Amino acid sequence: MKFLISLAFKNLTRYKRRTLITAGAIAIGLMMYIFVDSMLMGAEIESVRNLKWFETASARILNNDYWKNRFQRPLDINISEPDKIIDKLNKNGIKATKRTVFSGDMILNSQDFGEDGNMAVVVTAIDTEKDNDVFHFGDTLLEGRFLKPNEDAALLGSWFAEDIGAKVGYWITIVTRGNGGFYEAMDLEIVGIVNCPNPNVNRALLMMPIDTANEYLAMDGASTEINIKLPDSADVESEVHKIQSMLNGDGLTVMSWKAMAVDYLAMAEGKRGGTGIIMFLIFLIAAVGISNTMLMAIFERIRELGMMRSLGMSDKKIRIAFMIEAAGIGLIGSVMGVILGILADIFIVYVGIDYSFLLRDMDIGYRIQAIFRGVWNPGTMVAAFFAGIFISTLVAYFPTKRALRMDIPSCLRHQ
Amino acid sequence: MTTKLAKTALRNISRNKRRSILSGSAIGISAMAIVFLFSLIGGMADDMAFNLKTYYTGEVRVRNAKYDEFERYNPLHLTVDWKSTSKVLKNIGDIDVYVPRITFPSNLYIKGSNFGAMGVGADFSMEANFQDLNSSLKAGRLPQTGKNEMMMGAVLARDLKLKIGDKVTILSTTAARGTNAITLKIVGLFAFPVGTLNSKYFWMPLDRAQYFLRMDGGVQEVLIKVKKDVNVKKAASAINTELLNKTGQTLDIRSWEDLSTTYGLMKMADMVYNFIAIFFFLLGSTVIINTTMMVIFERMREIGTLGALGMHGKELVRLFFLEGTFISMIGSAIGIAAGIGITLWVGRTGLDFTDAMSGMDFEISAIMYPKLSAAKTIFVYFYSVIIASGATLIPSRKAAKIEPVDALRYI
Amino acid sequence: MISVKDVKRVYQTGETEVNALRGVSLDIEQGEFMSIAGPSGSGKTTLLNLIGCIDKMDGGEISIKGEAVSKMKKKEKTNFRRKNLGFIFQTYNLIPVLTAYENVAFVLSLLNLPETEIKERTMAILKEVGLEGMENRRPGKLSGGQQQRVAIARALVKNPEIVLADEPTANLDSDTGKEILELMKQMNKKHKTTFIFSTHDKMVMNYANRLVILHDGQIQSDSGRK
């Protein structure tokens, strides 16, 4: 066996240029695979983090009937005693915070904004003291200050503020229907602007204190949702199950972030699928290259093959020798590919690609504001490394079979 | 001499059919992939253009000069005077059709809850010339002028659990900056190709919208389509001058390409894909390079003979170059034929991206149809052949340096 | 017509130097039917290649018809060969994808002659070498002897000054070999073309009018013109 291996590797050095070109094709394919995987994984990890930190939390408790009616954002389908539940959760070591989300019309006055206007908004009323236990807005303040309890104030996402030309100190009026159907108008002062890394939130965020909202909307202590934070390492599904059993009989449902972010997951999967097809094509071309190279290698050595066979070397050994040779090309390609992949990863992990020109106005699904960064994925590199060797070996199997079908005298006569 | 070379080159390719096929297939696969890719993008771009021109901006859009600056505020009071404007537009020869529109945010009051939706006030008889509303109508009929009726996006109706015959009360801020309400009966459900239009919009007759929103004879915008072969940008500025002179209004009149950033980005993406194409072709070329090297090695004695007979190195290079070129041409042609086949086959049903795009707000339809462009396909063909045969030059040129005496010694 | 003066040729094979020709001088007249003989390694192929202008020498000079071919650059040598020299190889070296006709005509088209002339001359020479009717066959469908006839036709069709043949009968059985030699002799008589061939076969040597024997890179004996 050792002899076969050394034979194979010596044969590789016969045609250095050809070997390198074939290995090069493999290397490029692997590099692309590692690079794209790194970028997509980075995008996904950041998106999920931004989803959990700013949009869905790890899980959410809702009234049983809320989710199917969520487009209406009904105030009457609510959680009547959220504080009790939050206490129960806290005792079990789980952080939670209550929020009330409602839709309304925001009226802008020409005094502050230069022109009169109105637009549909979604208002998020938060527990000013506990919200940062679950969400991460604490680090995002850009201008002004955070909300204090019981004040008629609002906090805006920075892209939202930019789009409407809002500044700290401006006043806005929110017109909405309270819990019971009556109309209510709230005048709120913009006290702060946050720069939220989740672009979907940053574009539309409008926050106010929940106790203020509670008064205006006559919620009587109820809230529309309770948001839960679970540690990153937690098994979300089983924790959700646990919490659900804590609540049984209360007419409430616990939903994991995955259940709430179905559109994001579908998009991410679609992107993976698309890149998968492109990668497959690249590998197909590389496989054609390997096959071609091996064919040529065998063809030019038919006389040699005949000689070895006549000297008593078994067909199996010859096939193994060629497959090792192909594996050798694959090995060179894999090594080059992983090195190139690492270099490409260094770029995408530490520098990244700035897509802000694209992302500012378009919602492409990923929850990333500007820079796409990759992540180190040693698993992919290992997989790519072995894939390169494995595919090369596999592809070489077929041409060897053909060559061995020829009878020995014809081989020897071959020129 | 070249025709003999060409004939010889062709015959040489058939010497080792399997090898030629393998080399050609690498190029073929690349060509096939690229043709399909460009068709997909072409389809997307065309689709976006169509959607923009039909539902969002027309080819030329007329708005109050200050509207865009405050667009997010939905400043309905910044209007375009319909009567005087339409009179002028009617007489501009380059214009094919035009329609007035009022797009406004509103709240639908259903069973005690509010639901935000966008309303579009439109003149349905004029719209009939602008777009094919009937094929977008999934159920029921179009609302009639003068009646308190609406047609709703099918997805919106589904989400709100409404059907034809239901009455909906809508509330909005008016152009006078007060609020008003009106109750409309749903008489039809529509499905436009762009997802958001079906999940967030309803359409009502223009005159009722004007009344309800206290527009006082104004409209929010006028969408114009120009006649075929008219330069859209030039038309836009001509219309601007006409309207300024004849109605005294300072208006914001721009062509659709100037209005959409996303379309501009699509055009940029096109450039990127040209680079991706180069990459794929180069990758496929590595196989031909290897093959050519092998071919030269195999035919060493022949090269020696030809040299002894008095053939110059340059002519030898040409011979191998031609062989590589022919393989590229045939491989690429087959690849392109396959690409065309795939495009046409996918084009029958389209690619359904509805799920993947459900969270996105893009002016692209959820179902994408790849579109073949003859010009682009021919471009891809020459692109791939040029790159691949260019690649064969590298090993071919080595043939010129071979000394006949050395070559003749090969077995 | 051919003047070879003190020609030397050294080869580098790996680490060792091989002196293939150590100062060979000879004069060849037009129309000679000459054989260069000697054991393998004696330098006969080398001498043939040098006269045939496809190799470079390491000392001495060669002139053909007054032209100092040894001093020519690669391009000039190629042109010279094109116009003046014909080659016949031990392994025939026909282009496998071309027919017998095309293999021969090819040489004429290198000279940019008009199509009609090419056709005329090619058909004529093929008839002369006894291959009438086989013009459209590819080498794969011809016997060894027939292939060598095509090679002879190819060498002669351009009416060269010299035809150089390196062991032309080595791959043929003795009867066919004799036929080929007869043919070459006929051509030599008819067209007055100088034939120089290398061989180590006694039978072939007997056909020659002049026999030069090489040994270890030097002329051992030269029978002169008979």
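Small disclaimer: the values here were computed from a predicted structure and weren't measured.

### Description of the interface of chain B and chain A
How big an interface is tends to be reported as the loss of accessible area on association of its parts. Across the contact, 56 residues belong to chain B and 56 residues belong to chain A. Together, the buried faces of chain B and chain A total about 5,000 Å²; carbon and sulfur atoms form 63% of this surface. Here chain B is connected to chain A by two salt bridges. Between Lys 66 of chain B and Glu 115 of chain A there is a salt bridge whose closest N-O contact spans 3.6 Å.

### What to know about the interface of chain B and chain C
On the side of chain C, 29 residues touch chain B, which itself brings 26 residues to the contact. Taking both sides of the interface into account, the surface hidden between chain B and chain C amounts to around 2,400 Å²; carbon and sulfur atoms contribute 58%. Three residues stand out in chain B for area buried against chain C, namely Arg 11, Leu 309 and His 312 of chain B, and they jointly supply 27% of the buried area on that side. Summed over the shared surface of chain B and chain C, the number is four salt bridges. Its salt-bridge partner being Glu 102 of chain C, residue Lys 7 of chain B comes within 3.4 Å of it at the nearest N-O pair.

### Some details on the confidence of the model for chain B
Looking at chain B as a whole, its pLDDT mean stands at 87, while 96% of the residues score no less than 70. Scored as a whole, the predicted complex attains pTM 0.75, and scored at its interfaces, ipTM 0.81.

### Structural notes on the pairing of strand β12 (residues 251–255) of chain B
All names here are of chain B. Of all five residues that make up β12, four are buried, and the element is covered over most of its length. Inspection of the sheet shows strand β1 (residues 60–64) paired to β12 by five bridges, in the antiparallel sense. Residue pairing across strands places Val 60 opposite Ser 255, the latter belonging to β12.

### Re the sheet that holds strand β2 (residues 16–28) of chain C
Think of a sheet as strands paired side by side through backbone hydrogen bonds, with each pair either parallel or antiparallel. All names here are of chain C. Strand order in the open sheet formed by three strands is β2-β1-β4, with antiparallel pairing between adjacent strands. Lying at the two open borders of the sheet, with one neighbouring strand each, are β2 and β4 (59–64). Pairwise comparison of adjacent strand axes, ignoring direction, gives a mean angle of 25° for this sheet. Where strand β1 (residues 2–13) and β2 come together, ten bridges link them in antiparallel fashion. What sits directly across from Arg 9, in β2, is Leu 21. Each of β1, β2 and β4 touches helix α1 (residues 44–51); the most contacted strand, β2, lies at about 60° to it.

### Overview of the pattern of salt bridges
In the structure shown here, the tally under the stated rule is 47 salt bridges over all chains. Close ionic contact of Lys 163 of chain B with Asp 166 of chain B constitutes a salt bridge, the shortest N to O distance being 3.6 Å. Residue classification places Lys 163 of chain B among the exposed positions, given a relative accessible area of 53%. Among the ionic pairs, Glu 32 of chain C bridges to Arg 210 of chain C, the shortest N-O distance being 3.0 Å.

### Re the environment of Ile 346 of chain A
Looking at where Ile 346 of chain A falls in the secondary structure, it is placed in helix α13 (residues 315–351). When sequence neighbours within four positions are dropped, the list of residues in contact with Ile 346 of chain A reads Val 351 and Trp 376 of chain A.

### Notes on the sheet that holds strand β5 (residues 85–88) of chain C
Residue and element names in this part refer to chain C. Here six strands make up an open sheet; going across it, the order is β5-β6-β7-β3-β8-β9 and the pairing mixed. The sheet is open, and its two borders are formed by β5 and β9 (218–222), each paired with just one other strand. Averaged over neighbouring strand pairs, the angle between their axes works out to 20° when direction is ignored. Sitting on the sheet, helix α6 (residues 174–191) touches β3 (33–37), β5 and β7 (194–199), and the angle it makes with β7 is about 155°.

Reading guide: rules and limits
Residues numbered from 1 in each chain as written. Chains lettered and ligands numbered in written order. Predicted model: local features only at pLDDT ≥ 70, side-chain atom pairs only at ≥ 80, totals over all residues. Heavy atoms only, no water. Contact = heavy atoms within 4.5 Å. Buried area = accessible area lost by both parts, 1.4 Å probe. Salt bridge = Lys/Arg side-chain N within 4 Å of Asp/Glu carboxyl O. pLDDT = per-residue confidence, 0-100. Buried < 20%, exposed > 50% of the residue type's maximum accessible area, 1.4 Å probe, protein only. Helix = DSSP H or I, 4+ residues; strand = E, 2+ residues; numbered from the N terminus. Pairing = 2+ DSSP bridges. Axes fitted to C-alpha atoms, helices over the stretch in contact; angles between N-to-C directions.

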